[in-house]
Amino acid sequence: IELAGVLTVPYLETTEAVVAGLIYAWNTGSAADFADFFTEDADLVNSHGMHVRGRPAIAGLYAMLFHSVFARASLHGSVTTRRTLSKDVELVHVKANGSLRQGPSTVGEQDMMISLVMTRRENRWMVESMHNTLVSEARR
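Position labels on residues start from 1 in each chain and follow its written sequence. The predicted origin of the model limits local features to residues at a pLDDT of at least 70 and limits the giving and counting of side-chain atom pairs to 80 or more, whereas totals for whole chains, interfaces and linings rest on all residues. Working from all heavy atoms in the structure, the side-chain values ignore hydrogens and water.

Remarks on unusual backbone geometry
- The phi angle at Glu 122 is positive, at roughly 50°, despite the residue not being glycine.
- On the secondary structure map, Glu 122 appears in the loop between strand E7 (105-121) and strand E8 (124-134).
- When a residue's accessible area, from a 1.4 Å probe over protein chains only, is under 20% of the maximum for its type it is buried; when over 50% it is exposed; and in between it is partly exposed. In this structure Glu 122 comes out as exposed when scored by relative accessible area, which is 76%.
- Of note in the backbone geometry, Asn 123 takes a positive phi value of approximately 65° without being a glycine.
- Residue position: Asn 123 is located in the loop between E7 and E8. Starting at the N terminus, helices and strands are each numbered in turn, a helix being any DSSP run of H or I of at least four residues and a strand any DSSP run of E of at least two.

Set out below in structure tokens:
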């Protein structure tokens, strides 16, 4: 996998590498690279409860978002827990922080908890399902 012509990852052998790739693709605004981490029939539920299914739908949604509301956004995060569900299936939780920018200043930040179900296919981990939940002030 080549991300924005900068980072090449031939085999995503760990779920942490997938998370790092998702964050990198988000921060470069590449919807195609972002969607490439998902299986062809993956499910994604965003923080507003919108559900999309399939890599083309995920790429389409994020292409629109990266050119509008997330055009100057940045995302930082790391894996907080992972649990093996079976030999080739893991549940991964990511604590993340997103910043929306307008011009040189930050106009909003939001903490998130992201749940990922990942499967290993041909020596590569891929996202089967992603659910993003905003963290309320009371939970920080």
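Overview of the pattern of salt bridges
- When a carboxyl oxygen of Asp or Glu is within 4 Å of a side-chain nitrogen of Lys or Arg, the pair counts as a salt bridge. This structure, assessed with the given rule, holds six salt bridges.
- Taking the shortest distance from any N to any O, the salt bridge between Arg 53 and Asp 43 comes out at 2.8 Å. Of this pair, Arg 53 sits in strand E4 (residues 51-53) while Asp 43 sits in strand E3 (residues 38-45), and the two are 10 residues apart along the sequence.
- Given a relative accessible area of 56%, Arg 53 falls into the exposed group.
- Using a relative accessible area of 16% as the deciding quantity, one classes Asp 43 as buried.
- The residue Glu 90 makes a salt bridge to Arg 82 at a minimum N-O spacing of 3.0 Å.
- With relative accessibility at 6%, the residue Glu 90 sits in the buried group.
- The class for Arg 82 is partly exposed, based on a relative accessible area of 44%.
- Shared partners join several salt bridges into a network, and the residues in it are Glu 16, Arg 82 and Glu 90.

A few points about the packing of aromatic side chains
- Stacked, edge-to-face and tilted labels apply to pairs of Phe, Tyr and Trp rings (six-membered ring for Trp) whose centres lie within 6.5 Å, assigned for plane angles under 30 degrees, over 60, and everything in between, in that order. Per the stated rule, a full pass over the model turns up eight aromatic pairs.
- Aromatic side chains Phe 34 and Phe 66 sit 6.3 Å apart centroid to centroid with 85° between the ring planes, which places their arrangement in the edge-to-face category. Taken together, the residues span a long stretch of sequence, with Phe 34 in helix H2 (residues 31-35) and Phe 66 in helix H3 (residues 55-66) at a distance of 32 residues. In this structure, Phe 34 and Phe 66 share a single accessibility class: buried.

Considerations on the side chain of Asp 43
- Among the polar contacts made by the side chain of Asp 43, one reaches the side chain of His 51 at a distance of 2.6 Å.
- Here Arg 53 takes part through its side chain, which lies 2.8 Å from a polar atom of the side chain of Asp 43.
- Every residue pair with non-hydrogen atoms within 4.5 Å of one another is taken to be in contact. Ignoring sequence-local partners within four residues, the contact set of Asp 43 consists of His 51, Val 52, Arg 53, Glu 128, Ser 129 and Met 130. Polar contact is the term for a pair of N or O atoms within 3.5 Å; when the atoms are in protein, one must be able to donate a hydrogen and the other to accept it, and sequence-neighboring residues count only if both atoms are side-chain atoms.

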